[in-house]
Amino acid sequence: MDNENEPLAPAAIEALARRINRPVVLVGMMGVGKSSVGKRLAAMLHCGFIDADDAIESAAQMTIPEIFAAYGEDYFRAGERRVIARLIEDGPRRKVIATGGGAFVNPETRALILDKAIAVWLDSDIDTLVDRTARKDNRPLLKQGNPREILTRLRDERAPFYAEAPIHVLSTAGPHQRTLAKVLKGLDQW
């Protein structure tokens, strides 16, 4: 019987890496650990890692807070959709992409990810999200009021969209290794 808390054996991870033939795209709320888990996942699967937010900033030659301030969220989301489409379509098929928290809410972006990639929803409780997002001061949506209230509202609004991802993993306050093990098991079962 498979114990859900036991990580996959190294041979099983190697076999999984050989089977994956499309991008693995991590979706979920800001602060859930998409970038941290994504880097480790890519290393274990012997493939590249791309943070969509970094790619957006590189393409725009502006930070995300600067884009939000200068042009607003709608403009940002349109650019985000184009960049994610390019990341999925270009380069090697096998890679790990971490998206921004609102990317999967966009119907076009979500449809593309669901069609051409393996979507993994990293989920977390609000306390963990509040703690993790407080570590960085680069979250434009959290500057509009009480971060706990904003995160709760956004999570409630976005959960039905995130739930369309075929793999759902709970990220807890503990080390990212636990979350990584759950993601690998989800991919193995996918």
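Remember, it's a predicted structure, so these values are computed and weren't measured experimentally. (Residues numbered from 1 in each chain as written. Predicted model: local features only at pLDDT ≥ 70, side-chain atom pairs only at ≥ 80, totals over all residues. Heavy atoms only, no water.)

## Side note on the overall build of the protein chain
Convention followed: A run of DSSP states H or I qualifies as a helix once it reaches four residues; a run of E qualifies as a strand once it reaches two. Both are numbered from the N-terminal end. Between the two quantities, the radius of gyration covers C-alpha atoms and the globule rule is 2.2 Å times the number of residues to the power 0.38. Buried residues are those whose accessible area, probed at 1.4 Å on protein chains only, stays under 20% of the maximum for their type, while exposed residues exceed 50% and partly exposed ones sit between those limits.
Of regular secondary structure, the protein chain possesses nine helices and five strands. Shown N-terminal to C-terminal, the secondary structure of the protein chain runs as helices and strands in the order α-β-α-β-α-α-α-β-α-β-α-α-β-α. Since a compact globule built from 190 residues should have a radius of gyration of about 16 Å, the 16 Å found for the protein chain is in line with a globular shape. Burial statistics for the protein chain: of 190 residues in total, 47% are counted as buried.

## Quick word on the pairing of strand β1 (residues 24–27)
Cut-off, in case you're wondering: Between any two strands, at least two bridges found by DSSP are needed for them to pair.
Because side chains alternate across β1, one face comprises the buried residues V24 and L26, and the other comprises V25 and V27, equally buried. In this structure, β1 lies alongside strand β3 (residues 95–98), joined through three bridges in parallel fashion. Bridge pairing links L26 to A98 in β3.

## Considering the environment of Q189
Secondary-structure assignment places Q189 in helix α9 (residues 176–189). For the pair Q189 and P92, spaced 97 residues apart in sequence, the C-alpha separation works out to 23 Å.

## Some words on the nonpolar core
Grouped burial of nonpolar side chains is what soluble globular proteins tend to show. To keep it simple, the criterion reads: The definition of a nonpolar core used throughout is a set of buried Ala, Val, Leu, Ile, Met, Phe, Trp, Tyr and Cys residues joined through side-chain atoms within 4.5 Å. Should any heavy atoms of two residues lie within 4.5 Å, those residues are considered in contact.
Within the largest apolar cluster, 55 residues are counted, with the highest numbers of intra-cluster contacts made by V24, L41, L45, V120 and L187. Excluding its chain neighbours within four sequence positions, the residues that come into contact with L187 are L16, R19, I20, V24, L41, L45, I118, V120 and I167.

## Here we look at the packing of helix α3 (residues 52–60) against helix α4 (residues 64–71)
Condition: Only the contacting stretch of a helix is used when fitting its axis, a line to C-alpha atoms as for every element, and angles between N-to-C directions run 0 to 180 degrees. Should an angle lie under 35 degrees it is considered roughly parallel, over 145 roughly antiparallel, and from 65 to 115 roughly perpendicular; all remaining angles are considered oblique. Under the scheme applied here, ten amino acids are nonpolar (Ala, Val, Leu, Ile, Met, Phe, Trp, Tyr, Cys and Pro), four are charged (Asp, Glu, Lys and Arg), and all others, including Gly, are polar.
Viewed as axis vectors pointing N to C, α3 and α4 meet at an angle of 60°, and their least axial separation amounts to 9 Å. Taken together, the axis directions place α3 and α4 in an arrangement best described as oblique. Facing D53, I56, E57 and A60 of α3, the residues of α4 in contact are I64, P65 and I67. In terms of residue class, the contact of α3 with α4 is made up of five nonpolar, no polar and two charged.

## Digging into the side chain of T109
As for its position among the elements, T109 is in helix α6 (residues 107–116). Excluding residues within four positions of it along the chain, T109 makes contact with R81, I84 and A103.

## Re the environment of Q177
With respect to the element layout, Q177 can be found in helix α9. Taking the relative accessible area as the measure of exposure, Q177 reaches 49% and is therefore partly exposed. For Q177 and V37, which are 140 residues apart along the polypeptide, the C-alpha to C-alpha distance reads 7.8 Å.

## Overview of unusual backbone geometry
Located in the positive-phi region is H46, a residue other than glycine, with phi close to 55°. Topologically, H46 is positioned in the loop between α2 (34–45) and β2 (48–51). Phi is positive for Q61, which is not a glycine, with a value near 55°. Of note, Q61 is situated in the loop between α3 and α4.

## Examining the packing of aromatic side chains
Using the following cut-off: Each Phe, Tyr or Trp ring (for Trp, its six-membered ring) is paired with any other whose centre lies within 6.5 Å, and the angle between the two planes then decides the class: stacked below 30 degrees, edge-to-face above 60, tilted in between.
Tallied over the entire structure, the rule returns three aromatic pairs. Taken together, a centroid distance of 5.0 Å and an interplanar angle of 40° make the contact between F68 and F76 tilted. Here F68 falls in the buried class, since its relative accessible area comes to 14%. Relative accessible area serves as the criterion here: at 4%, F76 is assigned to the buried category.

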